[in-house]
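# Observations on the model geometry
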Amino acid sequence: MDMQQQMDSFVNTTKLDTYKISKNYPDLLQMHQDILSLIKCTEQICQEHDLSPSRLPDPSKLAYGWLRFLSTEKKNGDLNLEYHLKSLALAYHYLSKAQNEQKISSLRKKLSFHLTFYNTPALFRARQQGMDFFVTFHEGFIHAPPEVIESLVLVVSGNDTATHKAKFRTYALTKAFSENNQVLKFLDNHDNKTAMGRHYNLENIFDRVNHEYFDNMFTQPRLEWSRTHSKRNLGAYRPDSNSLIFSKILDNPKVPEFVLEFVMYHELLHKQMGIKIVNGRSYSHTKKFRSAERQFLRYDEVEKVLRSLVHKH
Ligand SMILES: [Zn+2]
């Protein structure tokens, strides 16, 4: 099957980028499901060809990175997909505001604008085709404050003043933007080699735990070994970049494999349950979490090994 074609048709058929959908607030869950199944499908095809998604030709790679980004959750549990739709609606709002206030340059006044956010290399791209004007904003802008979105819209409407340009360019230098960009482009600097330690490959451990405990509900997050041998933090889950980080201390033949499976299980539970916020404080090891944690098959054994591990070093 031609994956490129498949991606293209998906992007077209879901009409993620039409104002109508974002305005009426579509069936977000259904859209999320569609995205997840396309990601899974892509990964399966890659696997059948013994090919890492990072080896896909550029357009497919960008589409794949984009879909993964949209299906990623922010710390508060909201999907990036939701921010994507909100920002798109906001962009169209500022466009019609500019139109009402006669702020569109005379050259572009009569054109019909089509706005999208996508995994593109440039901060924005604009192209005229007949009377249509297609504008693509970098997906990294979806968490930006409204005035940044407005500055982008004003610039593509022909008001490319230094002030407007400075606004979105400054935002593109923030940590938030660069973190988004990293997730979007993670295939470029990732290559999945980071999951392979000296003794353990985190990908295998993820596959087993995902299968045995979560019915394969997760697509593979970014898996990494920490740079230090931390005893206090054996694992961590970072929702922003959708990555799981494991302490190097576990990458040792003396540590039994089921202990790594347990740490994987613990971090995936965080991913599944999210963080509970009470009176402004966040709680991740709730009662519910702890009882789910005890469902791990060799829980008692793990506890013993972990205790000795922490004390010996
Ligand atoms: Zn934890």
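Below is a summary of the structure that appears in this document. The structure displayed is predicted, hence computed values, not measured ones.

The next point concerns the overall build of the protein. Helices and strands together make up the secondary structure of the protein, namely 13 helices and eight strands. Considering the protein as a whole, with its 313 residues, one finds that 28% of them fall into the buried category. Counting contacts in the protein only where the partners sit at least 6 residues apart, residues at least 24 apart contribute 57% of the total.

All right, on to unusual backbone geometry then. One non-glycine residue, Q102, lies in positive phi territory at about 55 degrees. By the element assignment, Q102 lies in the loop between α5 (80-100) and β1 (112-118). What makes Q102 exposed here is the crowd of 8 C-beta atoms within 10 Å.

What follows is about the sheet that holds β1. Strand order in the open sheet made by the three strands is β1-β3-β2, with mixed pairing throughout. Edge strands, defined here as strands with exactly one partner in the open sheet, are β1 and β2 (124-129). The average angle at which neighbouring strand axes cross in this sheet is 15 degrees, direction not considered. As judged from the seven bridges shared by β1 and strand β3 (residues 132-138), these two strands associate in the parallel manner. Opposite S112, over in β3, you have D132 as the bridge partner.

Below, the discussion takes up the nonpolar core. With 38 residues, the main nonpolar core has F141, I149, L152 and V153 as its most contacted residues. Listed by contribution, the elements that provide at least two residues to this core are α3 (28-48), α4 (58-70), α5, β1, β3, α6 (146-156), α7 (162-171) and α8 (175-184).

One turn of the α-helix equals 3.6 residues, which is why residues spaced by three or four share an orientation. Within α7, burial applies to H164, K167, F168 and Y171. The buried residues of α7 occupy one face: seen down the axis, they fall within an arc of 80 degrees. For α7, exposure combined with an orientation more than 90 degrees from the buried face picks out A162, A166 and T170. The secondary structure elements touched by the buried residues of α7 are α6 and α8.

The rules behind the values
- Residue positions are given per chain, counted from 1 along the sequence in the order it is written.
- Local features in this predicted model are restricted to residues whose pLDDT is 70 or higher, and side-chain atom pairs enter the listing and the counts only when it is 80 or higher, whereas totals over whole chains, interfaces and linings include all residues.
- The secondary structure listing takes helices from DSSP runs of H or I that are at least 4 residues long and strands from runs of E that are at least 2 residues long, numbered from the N terminus.
- Exposure in this text rests on C-beta crowding, where 20 or more other C-beta atoms within 10 Å of a residue's own make it buried, 12 or fewer make it exposed, and counts in between make it partly exposed. The C-beta atoms are placed from the backbone.
- Distance between backbone-placed C-beta atoms decides contact: two residues are in contact if it is within 7 Å.
- The criterion for strand pairing is that DSSP finds at least two bridges linking the strands in question.
- Interaxial angle, 0 to 180 degrees, is taken between N-to-C directions of lines fitted to C-alpha atoms, where a helix line uses only the stretch in contact.
- The term nonpolar core means buried Ala, Val, Leu, Ile, Met, Phe, Trp, Tyr and Cys residues held together as one set by C-beta atoms within 7 Å.
- Directions drawn from the helix axis to the C-beta atoms are what define this arc.

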